[in-house]
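# Observations on chain architecture
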Amino acid sequence: EEEERKKDQNYIDKMNLKFPDIADVAKKISKKYTWKNEEYIIRPAASTEEVIMEGRILHHCVGSEHQDYLKNYNIGKRFILVLRKNNLPDIPYITIEIDGNRICQWYGEHDSKPDKEVIQPLLDNYVAWLNRRKIRIKASAVDAAQPVLMEAI
């Protein structure tokens, strides 16, 4: 067990050097992508380590350096979100890859879709919520030269 922990930590250290901006990106997108209801919370993975451990614990490829998930998150192209049960906020449950307001994919343990009949509608509502958060202000109302996107309150 200690050997595995050391191996994991060495890998995390290596990936932190390779993808140093994930924590900063996570902070920047946190307000836009964090959502909560009575049962679940969806939020950006907070660090390179969290992405890696999400993949290790759930036994899927999200934290692998041989995939583009870490690279895309690091450069702000696509993001990794975690869906957790409110009563188990530190226990990985569902991992989500998102591009803008479009969910590319989501998986639970061993690339499964647990509770799909609950999670898929929840994710559909989440995307609808993301889409409602931006409102277009008519150009004439703010600046005739430039339309502005503002967050809805």
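Higher on the page you've got the structure.
Residues numbered from 1 in each chain as written. Predicted model: local features only at pLDDT ≥ 70, side-chain atom pairs only at ≥ 80, totals over all residues. Heavy atoms only, no water.

### A word on the overall build of the protein chain
What counts here: The helix count covers DSSP runs of H or I at least four residues long, the strand count covers runs of E at least two residues long, and both are numbered beginning at the N terminus. Three labels apply to residues, based on accessible area from a 1.4 Å probe with only protein chains included: buried if under 20% of the type maximum, exposed if over 50%, partly exposed otherwise in between. Residues count as neighbours in contact if any of their non-hydrogen atoms are within 4.5 Å of one another. Residue exposure ignores everything except the shown protein chains as possible cover, and the areas themselves are Shrake-Rupley values with a 1.4 Å probe.
Scanning the protein chain from terminus to terminus reveals 6 helices and 7 strands. Sequence-ordered secondary structure for the protein chain, helices as α and strands as β, is α-α-β-β-α-α-β-β-β-α-β-α-β. Going through the 153 residues of the protein chain one by one, you find that 37% of them count as buried. The contacts of the protein chain with a sequence gap of at least 6 include a subset with a gap of at least 24, amounting to 54%. Summing over all exposed atoms, the protein chain offers an accessible surface of approximately 9,300 Å²; the carbon and sulfur share of this is 51%.

### Quick word on the packing of aromatic side chains
Stated formally: Any two rings among Phe, Tyr and Trp, with Trp reduced to its six-membered ring, count as a pair given centres within 6.5 Å; such a pair is stacked if its planes are under 30 degrees apart, edge-to-face if over 60, and tilted if neither.
Taken as a whole and judged by the stated rule, the model has 5 aromatic pairs. Plain terms: the ring middles of Tyr 40 and Tyr 93 are 6.4 Å apart, the flat faces sit at 5° to each other, and that makes the pair stacked. Of the two residues, Tyr 40 sits in strand S2 (residues 40-44) while Tyr 93 sits in the loop between strand S3 (79-85) and strand S4 (94-99), which places them 53 residues apart along the sequence. Here Tyr 40 matches Tyr 93 in class, with each residue buried.

### A short note on the pairing of S2
For clarity, the cut-off: For two strands to be treated as a pair, DSSP must find no fewer than two bridges joining them.
The buried count for S2 comes to 4 of 5 residues, which makes it a mostly enclosed element. Relative to S2, strand S1 (residues 35-36) runs antiparallel, the two being bridged by 2 bridges. Paired with Lys 36 across the two strands is Ile 41, which belongs to S2. In this antiparallel pair of consecutive strands, S1 and S2, the connection spans 3 residues. Across 5 bridges, the pairing between S2 and S3 is antiparallel. The residue bridging Ile 42 from the neighbouring strand is Leu 83, located in S3.

### Section: the environment of Val 62
Its location among the elements puts Val 62 in the loop between helix H3 (48-58) and helix H4 (69-75). With 35 residues separating them in the primary sequence, Val 62 and Glu 97 have C-alpha atoms 8.9 Å apart. Leave out the neighbours within four places in its chain, and Val 62 touches Val 51, Glu 54, Gly 55, Tyr 69, Leu 70, Ile 80 and Thr 95.

### Examining unusual backbone geometry
Phi at His 110 is positive, roughly 55°, even though this residue is not glycine. With respect to the secondary-structure elements, His 110 resides in the loop between strand S5 (102-107) and helix H5 (116-132).

### Regarding the side chain of Glu 50
Looking at the secondary structure, you find Glu 50 in helix H3. Exposure remark for Glu 50: the relative accessible area of 16% places this residue in the buried category. Beyond its immediate sequence surroundings of up to four residues, Glu 50 is in contact with Arg 43, Pro 44, Ala 45, Val 82 and Arg 84.

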